[in-house]
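One letter stands for each residue in the lines below.
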Amino acid sequence: MPTAVSLFSGCGGSDIGLHASGFNIVLANDVLRYASDVYKANLPETDFRLGDVAEITAFPRADLLVGCYPCQGFSQGGVRDPSRRINYLYREFDRALRLIKPKAFIVENVSGMRHASFRHLLNNQITRFRMAGYRVSCDMLDAREFGVPQERHRVFIVGLRSDLGMRYEFPKGEHAQDLDTKKPFVTIRDAIGDLPEWPDGEFNTEKFHWYYLSRNRYRGWDECSNTIVAKARHVGLHPTSPKLKRIHTDKWEFETEGPARRLSFRECARLQGFPKDMKFPDTFAMNEKYKVVGNAVPPPLFNAVASALPDIW
Ligand SMILES: C[S@@+](CC[C@H](N)C(=O)[O-])C[C@H]1O[C@@H](n2cnc3c(N)ncnc32)[C@H](O)[C@@H]1O
C-alpha cells in the first residue's frame, strides 16, 4: 500500500477520499481540536498530531504528501486580504515537501486563488514546488462532475517528482449537465432525501438576518446544493423551506410564510460526499461540526484526483 502524509487535514475530508483510493495515511496534522476529534473517530489508524504544523520538525517517509492549506484569505467567505499570515502557510507545506521528498504531492485550495489579486501567491507556490524538484500541473475542478451534489469549484496543484519523468493528467468527471455522454449530476434528493425532515438539535436556528437574505440561499430537491460553507449562520436552506424571490439587488425574501430552516450539519456532510456513517463526536457544540464539514474537501473529489496519479509506487 503506498503511504501518505497529510497536512492541514481538518476532519478528514481529503483523507477519507485518499484512504478510499488505497493510501495508508501515516501522519495527519491540524491545529483545530474538534477537527482532530472527528478525524480520529473516523480514521483511527492514522497517527494524528494536534498542533501547529510549524512545530513538526521531522516527518515520516511517504510516497505522497497532501495538504489543503487554509483559504480564509482567498475565499469569498473570508476577508480578501492578500497580506494575511494565513495566506502564507503554503511555505510550511513547501518545507515538508523538501524534507519528505515524496514521489508526488496534491494541494487543494479555493478558486479565489486564481483571482487577479492572489495570482502572485498561486504563481509563487507553483514556482517553489518546481524548484523543490517537481513537474507541476494546476487546474480547477467542479465537484459536481465527480458525483458531489454541490456547486463547489476548487483549485488543485499536483506535482510528480521530476526524476520520474512524467506529468500528471487531471481526471475527467463522469457527471455533467449535458447528458449525451455522461451521467446526470447527483441531486440534493439523492444525497439527503432519506434523512428526517426536521432533525431537531442538528441545524442552526439563528434568525435569517439581512446578510443571509442578501443572496439566494435556496436550492430545490432536484438541484445541486450551493457551496457548503463553514459558518453555520450562512449555510443554505433545506429544500422543504419556502423558495426565495429576488426583491432587488442583494435583497431576497421568502415567497410564502411556511417554516424555513437551514441544512443540518449532517445534511451538509452528505452534500460534501462524506460517508453515511460519518461520526461526529459530541465533544464540541454544533457550530464546530458545521465548521469542519464546510472546511473539508469533498472525499469523492479528492479520491478522483488521487486515483488519477500514475502507478509510480
Ligand atoms: C481547508 S481546511 C482543510 C480541510 C481538510 N483537508 C479536509 O478535507 O477536511 C484547512 C485546515 O488548516 C488548519 N490549520 C490552519 N492553520 C494551521 C496551522 N498553523 N497548523 C496546522 N493546521 C492549521 C485549519 O484548522 C483547517 O482545518
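Please read all numbers here as calculations on a predicted model, not as lab measurements.

Caption draft 1: The arrangement of the overall build of the protein chain in detail. When helices and strands are tallied, the protein chain shows eight helices and nine strands. Its C-alpha atoms give the protein chain a radius of gyration of 20 Å, within 12% of the compact-globule value 20 Å for 313 residues. C-alpha atoms of the protein chain, sized along the principal axes, occupy 65 × 45 × 40 Å. Here the protein chain holds 313 residues, and the buried ones make up 52% of them. Here the protein chain displays about 14,600 Å² of accessible surface, and carbon together with sulfur accounts for 48% of that area. Taken as two groups, the 44 positive and 38 negative side-chain charges of the protein chain have centres that lie 6 Å from each other.

Caption draft 2: Local environment of the pairing of strand E7 (residues 153-161). Taken across its nine residues, E7 has seven buried, putting it largely inside the fold. The pairing of strand E5 (residues 104-110) with E7 spans seven bridges and is antiparallel. Within E7, the position partnered with Phe105 by the bridge is Gly159.

Caption draft 3: The packing of aromatic side chains, seen in detail. The full count for this structure, using the stated rule, is 17 aromatic pairs. Residues Tyr34 and Phe284 carry aromatic rings whose centres are separated by 5.6 Å and whose planes lie at 55° to one another, so their mutual orientation is tilted. Pair noted here: Tyr34 is in helix H2 (residues 33-42) and Phe284 is in the loop between helix H6 (265-271) and helix H7 (286-295), with a separation of 250 residues, a long-range link. Ring geometry for Tyr168 and Phe170: centres 4.9 Å apart, planes at 90°, overall edge-to-face. Relative accessible area serves as the criterion here: at 13%, Phe170 is assigned to the buried category. Each residue in the set Phe8, Tyr69, Tyr90, Phe93, Phe105, Phe129 and Tyr134 is aromatic and connected to the rest through ring pairs, giving one cluster. Just above the ring of Tyr212 sits the side chain of Arg217; from NZ or CZ to the centre is 4.8 Å. Its end group placed over the ring of Trp198, Arg261 keeps NZ or CZ at 5.7 Å from the ring centre.

Caption draft 4: Representation of helix H8 (residues 299-307). Taken residue by residue, H8 has Pro299, Leu301, Phe302, Ala304, Val305 and Ala306 as its buried positions. On its buried face, H8 is in contact with helix H1 (13-20), strand E4 (64-67), E5, strand E6 (134-142) and E7.

Caption draft 5: Region of interest: the site of the ligand. Around the ligand sit 20 residues, and of these Gly13, Ser14, Asp30, Val53 and Val297 come closest. Here a nitrogen atom of the ligand and a backbone polar atom of Val53 are 3.0 Å apart. When isolated, the ligand has an accessible area of 600 Å², and the protein chains bury 91% of it. Residue assignment for the shell around the ligand shows that the elements contributing at least two residues are H1 and strand E2 (24-30). Classifying every residue of the shell around the ligand gives ten nonpolar, eight polar and two charged.

Caption draft 6: Main features of the sheet that holds E7. An order of E3-E2-E1-E4-E5-E7-E6 is seen for the seven strands of this open sheet, with the pairing classed as mixed. Two strands bound the open sheet, and with one partner strand each, they are strand E3 (47-50) and E6. The mean inter-strand angle of the sheet, taken between neighbouring strand axes irrespective of direction, is 15°. Packing of H1 onto the sheet brings it into contact with strand E1 (3-7), E2 and E4, and relative to E2 it is tilted by some 175°.

Caption draft 7: Structural context of the packing of H1 against H8. Here H1 crosses H8 at 45°, and the two axes come no closer than 7 Å. Between H1 and H8, the interaxial angle falls into the category oblique. For H1 against H8, the interelement crossing comes out right-handed. Packed against H1, whose contacting residues are Gly13, Ser14, Ile16, Gly17, Leu18 and Ala20, the element H8 presents Pro299, Phe302, Asn303 and Ala306 at the interface. In terms of residue class, the contact of H1 with H8 is built from six nonpolar, four polar and no charged.

Caption draft 8: Looking closely at the environment of Lys101. Checked against the element boundaries, Lys101 lands in the loop between helix H3 (90-100) and E5. For the pair Lys101 and Arg161, spaced 60 residues apart in the sequence, the C-alpha separation amounts to 8.0 Å. If sequence neighbours within four positions are ignored, Lys101 has contacts with Ala96, Tyr134 and Arg161. In terms of polar contacts, Lys101 uses its side chain to reach the backbone carbonyl oxygen of Arg98, at 3.1 Å.

Caption draft 9: Summary view of the pattern of salt bridges. Under the counting rule described, the total for this entry stands at 14 salt bridges. Close ionic contact of Arg144 with Asp142 constitutes a salt bridge, the shortest N to O distance being 2.9 Å. Of the two residues, Arg144 and Asp142, both sit in the buried class. One salt bridge in this structure joins Lys183 and Glu174, with 2.9 Å as the shortest N-O distance. The exposure class assigned to Lys183 is partly exposed, which follows from its relative accessible area of 44%. When salt bridges with common partners are traced through the structure, they connect Asp94, Arg98 and Arg128 into a single cluster.

Cut-offs and rules
- Residues numbered from 1 in each chain as written.
- Predicted model: local features only at pLDDT ≥ 70, side-chain atom pairs only at ≥ 80, totals over all residues.
- Heavy atoms only, no water.
- Helix = DSSP H or I, 4+ residues; strand = E, 2+ residues; numbered from the N terminus.
- Rg over C-alpha atoms; globule rule 2.2 N^0.38 Å.
- Buried < 20%, exposed > 50% of the residue type's maximum accessible area, 1.4 Å probe, protein only.
- Areas by Shrake-Rupley, 256 points an atom, 1.4 Å probe, with all protein chains shown as cover.
- Lys, Arg positive; Asp, Glu negative; His and termini not counted.
- Charge placed at Lys NZ, Arg CZ, Asp CG, Glu CD.
- Pairing = 2+ DSSP bridges.
- Phe/Tyr/Trp six-rings, centres within 6.5 Å; stacked < 30°, edge-to-face > 60°.
- Lys NZ or Arg CZ within 6 Å of the ring centre and 35° of its normal.
- Contact = heavy atoms within 4.5 Å.
- Near = heavy atom within 4 Å.
- Polar contact = N/O pair within 3.5 Å; in protein donor to acceptor, adjacent residues only side chain to side chain.
- Nonpolar A, V, L, I, M, F, W, Y, C, P; charged D, E, K, R; others polar.
- Axes fitted to C-alpha atoms, helices over the stretch in contact; angles between N-to-C directions.
- Parallel < 35°, antiparallel > 145°, perpendicular 65-115°, else oblique.
- Left-handed = near helix turned anticlockwise from the far one by under 90°.
- Salt bridge = Lys/Arg side-chain N within 4 Å of Asp/Glu carboxyl O.

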